[in-house]
Amino acid sequence: MKIDSSRKIDTVILGAGISGLTLGYYLNKKNQNFLIFDSKRMSGGNISSSVKDSFICENGPNTILLNNDSVKEIIEDIGLSKEIIYPNKNNKKRFLIRNGKLVAIPTTLFGFLRTNILSLIGKIKIFSEIFKPKHKNNTSVYNFISKRFGVEFHDIFIEPILTGVYAGNTRKMSMKHVLNKVWEMEQKNRSVILSFLKNDSKKNNFKSFNFKNGLSQLINSIENKIEDKINLKSNVTKVEKLKSGFKIIINESEEYFCDRIISTIPSYSLANIIWDNNFSKTLKKISYSPIFVLHIGLEKSKIKENINGFGVLTKPSDKKSFLGILFNSRIFPHVSPEDYDLITVMVGGSRQPELLELNKEILKSKILKEIKELFSYDGQIIMQHEYLWKKGIPQYGLNHSIVNESLKKFHFENKNFYVLGNFIDGISVSDCIRKAKKLVSKL
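Let me begin by describing the structure that accompanies this report. (Residues numbered from 1 in each chain as written. Predicted model: local features only at pLDDT ≥ 70, side-chain atom pairs only at ≥ 80, totals over all residues. Heavy atoms only, no water.)

In spatial order, the strands read β8-β7-β15-β16-β17-β14-β18; together these 7 strands make up an open sheet with mixed pairing. Each end of this open sheet is capped by a strand with a single partner; those strands are β8 (101–104) and β18 (383–394). For this sheet, the mean inter-axis angle between neighbouring strands, taken without regard to orientation, is 30 degrees. Across 9 bridges, the pairing between strand β14 (residues 288–299) and strand β17 (residues 340–348) is antiparallel. Its bridge partner lying in β17, Leu-298 is registered against Asp-341. Along the sheet, helix α14 (residues 360–375) contacts β7 (94–98), β8, β14, β16 (324–326), β17 and β18; its crossing angle with β14, the most-contacted strand, is approximately 55 degrees. (Pairing = 2+ DSSP bridges. Helix = DSSP H or I, 4+ residues; strand = E, 2+ residues; numbered from the N terminus. Axes fitted to C-alpha atoms, helices over the stretch in contact; angles between N-to-C directions. Contact = heavy atoms within 4.5 Å.)

What follows is the structure, encoded as structure tokens:
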């Protein structure tokens with residue numbers, strides 16, 4: 001078969017999200033021959049900033065954690081260091097709902113001992129953790145936390161916190177992969193508390209940040225460096241393995257040939273285009289939580305409750321129509337006009353997917369009613385902006401070790417085909433940048 005040289009590339013990157021763009025940026029610095037293909041009309045993947053009525057709304061991640069050198073390097077490299085906005089000092093305060101009111105989660109040991117959020121028995125169960133035997137096998141987050149610290153601690157603290165990150169079900173989450181550091185602390189010292197006492201868990205005060213024009217400013221800046229390499233509205237419909245290299249079929253008709261493929265697309269998308277049936281079946285088992293994101297602009301003077309903090313997390317027992325709320329403008333004042341507040345409400349997830357089947361206007365009316373009551377808000381809603389992720393956040397389930405093993409086998413059998421993405425080895429933006437930079441350094 002004669003290959004058209006104009007369609008022969010060294011490296012093809014599938015997906016123009018933060019992973020794919022980071023890969024492209026660093027390959028470009030090495031003067032590598034590559035192309036990026038993405039089915040969407042815009043780059044960015046899960047990073048999506050929208051501006052409406054002078055409010056900067058993040059439809060996906062709201063912050064990036066400055067927790068590895070790869071993040072620092074790419075920001076400095078593309079000239080965005082002076083565009084970084086760090087959060088207000090009060091951003092660390094998180095709230096729970098108790099008797100219909102916002103209650104701050106204690107941040108010190110003394111405050112924790114004094115709080116009435118947990119019962120006396122609940123507190124005793126936490127400190128009895130040092131006497132519990134360690135787990136011999138991986139288990140769910142729910143089972144692990146309930147066994148070591150009590151069901152009450154899980155229900156009131158851990159479940160809401162992880163709902164805010166994964167929008168998933170702690171009874172199905174893999175402890176070893178979702179809370180890996182806590183798992184390793186128990187495995188090493190038999191007790192999580194003993195690990196803290198032995199200083200095995202070093203406290204890292206990593207900063208989170210945003211940009212003056214939202215997180216999409218990072219996407220746009222990288223895109224500007226490699227825009228001639230990015231092909232949008234280019235749906236990869238099939239990937240074939242050849243005797244030497246691979247064939248990529250775009251939009252069912254265009255053919256490209258390459259020596260190397262790096263996939264950064266979601267697991268369900270990759271599953272539909274590869275030739276390996278066993279790996280495809282494993283990828284299809286990875287579930288994604290649906291999320292409806294509702295941004296709301298409020299008159300600051302009409303909010304009667306204290307919302308100086310990061311946000312509020314909900315428990316199933318709260319019986320709310322939302323998973324949590326971010327107080328965006330209290331964290332980053334630049335995201336809203338001076339006399340207004342921007343808040344972001346997350347709805348659905350694994351807990352209440354049925355809410356996303358409701359009529360949009362009925363759902364929004366229900367949410368706004370609950371928020372007005374919670375904040376004692378007596379003003380008008382100034383701005384609304386919404387975004388739906390039908391398949392939003394990948395879940396690290398109890399079968400995640402099988403996913404990792406299947407991926408390892410696929411990599412072994414298919415040299416020069418690499419799989420990255422937020423469904424393995426970390427879901428955050430900083431995780432994706434780190435993994436992409438690490439791979440390029442190996443190539």
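Picking up after the structure, the text goes on.
Right, let's get into helix α6 (residues 151–166). The first and last C-alpha atoms of α6 sit only 20 Å apart over 16 residues, clearly below the 22 Å expected at 1.5 Å per residue. At Ile-158, α6 shows its maximal bend, which comes to roughly 35 degrees, and the proline Pro-160 appears one to four places after that position. Of the positions making up α6, those classed as buried are Phe-153, His-154, Ile-156, Phe-157, Ile-158, Glu-159, Pro-160, Leu-162, Thr-163 and Tyr-166. (Expected span 1.5 Å × (residues − 1). Bend = angle between axes of the 7 residues up to and from the residue. Buried < 20%, exposed > 50% of the residue type's maximum accessible area, 1.4 Å probe, protein only.)

A separate point is the environment of Thr-264. Checked against the element boundaries, Thr-264 lands in the loop between β13 (254–263) and α11 (267–271). C-alpha of Thr-264 to C-alpha of Ile-13: the two residues are 251 residues apart in sequence and 7.3 Å apart in space. In this structure, Thr-264 is in contact with Ile-13, Leu-14, Gly-15, Ser-19, Gly-20, Leu-23, Leu-420 and Gly-421, ignoring residues within four places of it in sequence. Within the local environment of Thr-264, its side chain forms a polar contact with the backbone oxygen of Leu-14, the two atoms lying 2.7 Å apart. (Polar contact = N/O pair within 3.5 Å; in protein donor to acceptor, adjacent residues only side chain to side chain.)

Bringing a nonpolar patch on the surface into the picture now. A grouping of Leu-109, Leu-113 and Phe-127 is seen on the molecular surface, where their side chains present a nonpolar patch of about 290 Å² in accessible area. Take Leu-109: it is sitting in helix α3 (residues 109–114). (Patch = residues over 30% accessible without salt bridge, like charges linked within 9 Å, V, L, I, M, F, W, Y side chains within 5 Å. Areas by Shrake-Rupley, 256 points an atom, 1.4 Å probe, with all protein chains shown as cover. Salt bridge = Lys/Arg side-chain N within 4 Å of Asp/Glu carboxyl O.)

Backbone geometry places Asn-99, a non-glycine residue, at a positive phi of 55 degrees. For Asn-99, the location among the structural elements is in the loop between β7 and β8. Residue Asn-251 is not a glycine yet carries a positive backbone phi of 50 degrees. Residue position: Asn-251 is located in the loop between β12 (246–250) and β13. On the accessibility criterion, Asn-251 (33% relative accessible area) is partly exposed.

Where helix α1 (residues 18–29) contacts helix α2 (residues 69–77), the axes come no closer than 12 Å and their chain directions differ by 65 degrees. In the packing of α1 onto α2, the handedness of the crossing is left-handed. Contact residues: Thr-22, Tyr-25, Tyr-26 and Lys-29 in α1; Ser-70, Glu-73, Ile-74 and Asp-77 in α2. Split by residue class, the contact of α1 with α2 holds 3 nonpolar, 2 polar and 3 charged. (Left-handed = near helix turned anticlockwise from the far one by under 90°. Nonpolar A, V, L, I, M, F, W, Y, C, P; charged D, E, K, R; others polar.)

Our focus in this paragraph is the pattern of salt bridges. Under the criterion given, the structure shown has 19 salt bridges. Residues Glu-83 and Lys-212 are paired through a salt bridge, measuring 4.0 Å at the closest nitrogen-oxygen approach. With Glu-83 in the loop between α2 and β6 (84–85) and Lys-212 in the loop between β9 (207–211) and α10 (216–226), the pair connects residues that are 129 residues apart, well separated along the chain. Accessibility expressed as a relative area gives 22% for Glu-83, which makes it partly exposed.

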